[in-house]
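# Architecture and fold: a report
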Amino acid sequence: MSMKELGVVGRNVGQRDLESHARGQTTYYEDVHYPRMLHLKMHRSAEPHANIVKVDTRKAAASPGVVCVLTHEDLPGKKVWNGLAAVGVGPEDEPVLAFDKVRWRGEPIVAVIAETPEAARAGAAKVEVEYDPLPGVFDVEEAISGSAPALTAHWPHNHYIYPDDHAASQIRFGDVEKGFAEADHIVEDKYQTSPIEQAPMETNGCIAKPGGDGRITVHTNTQAVHFARDNTAAILGLAPGKLRFLGGTVGGGFGGKVDVAVEPISVLAAMRTGRPVKFKYTREEEMQVSSTRSAWRLYIKDGVMNDGRIVARKITSYQDSGAYLRFSSYGSMKHAGHMPGPYTMPNVWVDARVVFTNRPPSSAMRGFGVMAASFAIELQMDKVAKTIGMDPWQLRLLNAYRNGDMRAHRKVNEDAAMVETIQAAARLAGHELPAEYQAMTSWDRKAS
Amino acid sequence: MAKVRGTGFAAVNYPTGMHLGGDPTQSLIHMTPAGDFVCTMASVDLGQGLRTVLAQIAAETLGVPYESIVVETADTDTGPHCTGTFASRTTHRAGNAVVMAAAEARKAMLEVAGELLEASPEDLETDGAGNIHIKGVAEKSVSVGEVAGAAHFGYGKTIAGRGAYLKPPSPMDPETGECDPDSTQAHACTVVEVEVDTETGVVEVIDMKSVYEVGQQVNPDLVKGQIVGGSWMGIGHALYETTAPGYPAIDPAPVDFQNYLQPGAAEMPEVACEVLEYPAESGPYGGKGVGEMVTNGPIPAIVNAINNALDVRITQIPVTPEVVLRALDEKRAQAEG
Amino acid sequence: MEDKLIRLTVNGRDEAVVIRPLATLQDVLRDTLELTAVKSGCGQGGCGSCSVLVDGELRLSCLTLAERAEGAEVTTLEGLNETNAIVPLQQAFVENYAAQCGYCTAGMVVAAKALLDRNPAPSRDEIVEGLSGNLCRCTGFAPIVRAVQQAAQALSDTGEEAS
């Protein structure tokens, strides 16, 4: 693509918000002040897996300063939901407020709204829940082994079911078994990433403010205002036009502010009380209640030739979704679609599974699905290089995808510049490459 | 036993936009009576600088000064639909929507300028400094402010534009996985040197060098900000961070920054980076996107460097001192066994 | 315990505020006086986003009981701009891109001011140490350290105070 000469694109013009940040003048969602504002705190499940026998809110409601107590019985619209229901992802599986069962420690059960944050916290602590504990399952492979308790009726084997009754998001390209049979070496390993907190400096939160016109303005730090508004309206059974979502500058997101976790219940509380209601996650909630980056377990098996060509790659991966789906099926498809990384291989087989466990639900974070894939692939590449005694730089350059190559998901590759990027990094690091590797390009596989 | 050093690297690609597309962003741009422009979006700035980047793109297409563009964000009453700020999609999706809206507004602006200059709009050009003149005839010129005044008070015209960018959704074939997942791919390669204390298991990243390829950069300083910040976050992910140190067990469960460990300024090495630009066909002025990929190279590069330093095979993160010491124990046992 | 009236000086202005029992200085500054540059990133003393100066000393306002600030001189980030001119330390943050989302910035600038007030020519290690109570999730700290280095240099060149 030939670029016309550019004026201001490509120039360092500073960053618009910086002076405002440095002077402390930037307005975040909670920097608005409303008189008579109420505060919401959640009573959360103390058990990772249990039937709820009884919920008693009488003491909470009578607690000093408490104005309103909300349970699942107060929900005017949906009892269970999924944020992607509008684009056909389902079934909706996650209770807005838990009713018959809890499936993770920290699951919201009762919202307590009071005059001050302290009064709301004290009231929430007085909610009494009687549990009938159930055995829990925490490991992804144990969860799908057949001997674990099923978390929901939607997914009897504790894994997400893709269209056409598939247990995994699949890639089938070429014939990996044939590739393994032809290969000089088989290289296998197992990889594990951890649940990681997005840890934005500002925790999830919102303020729902009823207006005189019957509308509610929601000051929120969501990463997606329309998405949050439309889901809030759908959950509460409201006309979307009743809601105005207002963001602004957000105190960091990293994927941690897309769950619509605080807005629906705050709007409901504002409707019930007619007063502004603030619901701000504590740091403790941010760490143990809000979605983490999903932990991933991967098994990779490669068939490799003596000259370094990887002729087959088979990947089975397990994404720990925690107790509910949220965006995990999306993340798993992105993960599968990313395989086998920036390399071209004639035979690729991927089964990427979403597994349900009694852990806090996981979701997106910076590089959803791809970070775990890149981590495992790049450790695997080093193992392949070591196995066949090849320079790991040369191994990657030899296998790197070129423009015009067919990717494993059957799209012809374009905009590739992996070869040039690796070559430049080798120069930057002072790693000398043989002339034929320096001559490689992304535009001509034969050049070397 | 002492401190040993090792090097490692990793090569990564990263897709731009939501997987499988279907993620629209729209933009509205209008000219005020004073001749500046308001670009209204529902996109959300998380700190990466989208207000800056979108103003640059709008100014480029309109051919007016960057300073004359206001970018309004994150209001569902006024802002046209944006799917959201994630999936490294804002520069690409919102940027393309802004290009379209700005092109329509520019056309309207040049039509009014043409009437004032008694020339055909096709014969006009902008100088990027707030003036419109007949091509090759600099003195036949009118200011953008004069055009605004004429449009508003003389002709009763709006100078405005609409933009909508949508990569049509591509379903993923459930059997083969066939799909068109992304708009373009960005690339990175990170090289790391670590020093590992074999007594304590503590890993220190002492050097990190990266090359990125992100298409045409809209604002190189902001790209570098993402790379440096992501390098630090990559160190955190590789060596420290987890909400479940006993994973898959749910306890212990850190609830504060004393127990959820992240690197501090002291753990941050010098980060060198070089950025290559291979413009993307589908991007605004060839831009791809850089927001998310910046942790993906550092994490495996660090673990590869640790394995290189110790001649062990660690395949999990975070590589805490305990993980390092266990790997060394295993290596010792194997050597003895 | 009952509500109580306390008097303190905030950014040079005398204030009298009624506080609830166990109210923190952060509650007074953010909620009562609406000095919203004082952030509340954790409420646990773990992030530094609520940093302020109390009688010139760096304090975490979320862990400081409001009562303990009775009669004190408190400075928040807003207090650095009494004349509305941006001060060299803030300018250095701008020039070095030492903020992205900006949420940690107010506490970070206040912590840097506390450092430069007591040590106008800190080494890199002393800057790292001086900011060790303040977290940033966006920038990777490198631009922040550079900003403080630049501010210290500017101060030694002009002989001015940090702010």
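Residues numbered from 1 in each chain as written. Chains lettered and ligands numbered in written order. Predicted model: local features only at pLDDT ≥ 70, side-chain atom pairs only at ≥ 80, totals over all residues. Heavy atoms only, no water.

## Quick look at the domain arrangement of chain B
All names here are of chain B. Structurally, chain B comprises domain 1 (3-16 + 183-336) and domain 2 (25-165). Taking the mean C-alpha position of each, domain 1 and domain 2 sit 40 Å from one another. Contacts between domain 1 and domain 2 engage 18 residues on the former and 17 residues on the latter. Here domain 1 and domain 2 share an interface that buries about 1,300 Å² over both sides, 57% of which is from carbon and sulfur atoms. The largest per-residue losses of area from domain 1 upon contact with domain 2 belong to V218, P284 and Y285, which jointly make up 41% of the total buried on that side. Linking domain 1 to domain 2 there are zero salt bridges. Counting residues per element, the ones that place at least two in the side of domain 1 that touches domain 2 are β1 (3-15) and α4 (220-239). Of the residues belonging to the side of domain 1 that touches domain 2, the class tally is six nonpolar, 10 polar and two charged. (Domains from an automatic or database assignment. Contact = heavy atoms within 4.5 Å. Buried area = accessible area lost by both parts, 1.4 Å probe. Salt bridge = Lys/Arg side-chain N within 4 Å of Asp/Glu carboxyl O. Helix = DSSP H or I, 4+ residues; strand = E, 2+ residues; numbered from the N terminus. Nonpolar A, V, L, I, M, F, W, Y, C, P; charged D, E, K, R; others polar.)

## Digging into the packing of aromatic side chains
A full pass over the atoms with the stated rule returns 11 aromatic pairs over all chains. Ring geometry for W393 of chain A versus F9 of chain B: centroids 3.8 Å apart, planes at 10 degrees, classification stacked. A residue pair is termed interchain when its members come from two chains, as with W393 of chain A in helix α11 (residues 392-399) and F9 of chain B in strand β1. Each member of the pair, W393 of chain A as well as F9 of chain B, carries the same accessibility label: buried. Each member of the aromatic cluster is reached from another via a ring pair, and the members are W155, Y160, Y162 and F356 of chain A. (Phe/Tyr/Trp six-rings, centres within 6.5 Å; stacked < 30°, edge-to-face > 60°. Buried < 20%, exposed > 50% of the residue type's maximum accessible area, 1.4 Å probe, protein only.)

## Observations concerning unusual backbone geometry
All names here are of chain A. Going from G90 to P91, the amide bond is cis rather than trans, its omega being 0 degrees. In this structure, P91 sits in the loop between β4 (80-81) and β5 (94-95). For the bond from M339 to P340, the omega torsion is 5 degrees, close enough to zero to count as cis. Mapped onto the secondary structure, P340 falls in the loop between α9 (328-338) and β18 (348-356). Look at D165: it is not a glycine, yet its phi comes out positive at around 65 degrees. Positionally, D165 belongs in the loop between α4 (140-143) and β9 (169-173).

## A look at the domain arrangement of chain A
Residues and elements named next belong to chain A. Entries for chain A in the domain assignment read domain 1 (31-133 + 198-288) and domain 2 (169-196 + 291-411). Here the C-alpha centre of domain 2 lies 37 Å away from the C-alpha centre of domain 1. Between domain 1 and domain 2, the contact holds 21 residues from the first and 20 residues from the second. Here domain 1 packs against domain 2, burying approximately 1,700 Å² in sum over the two surfaces, 53% of which is carbon and sulfur. The largest contributions to the domain 1 side of the interface with domain 2 come from W104, Q198 and D259, which together make up 32% of the buried area. For the pair domain 1 and domain 2, the interface holds two salt bridges. Salt-bridge contacts for D259 lead to R326; the nearest nitrogen and oxygen are separated by 3.5 Å. The interface formed by domain 1 and domain 2 holds 11 residue pairs in polar contact (both at pLDDT 80 or more) in total. Broken down by secondary-structure element, the contributors of at least two residues to the side of domain 1 that touches domain 2 are β5 and α8 (283-288). Classifying every residue of the side of domain 1 that touches domain 2 by side-chain character gives nine nonpolar, seven polar and five charged. (Polar contact = N/O pair within 3.5 Å; in protein donor to acceptor, adjacent residues only side chain to side chain.)

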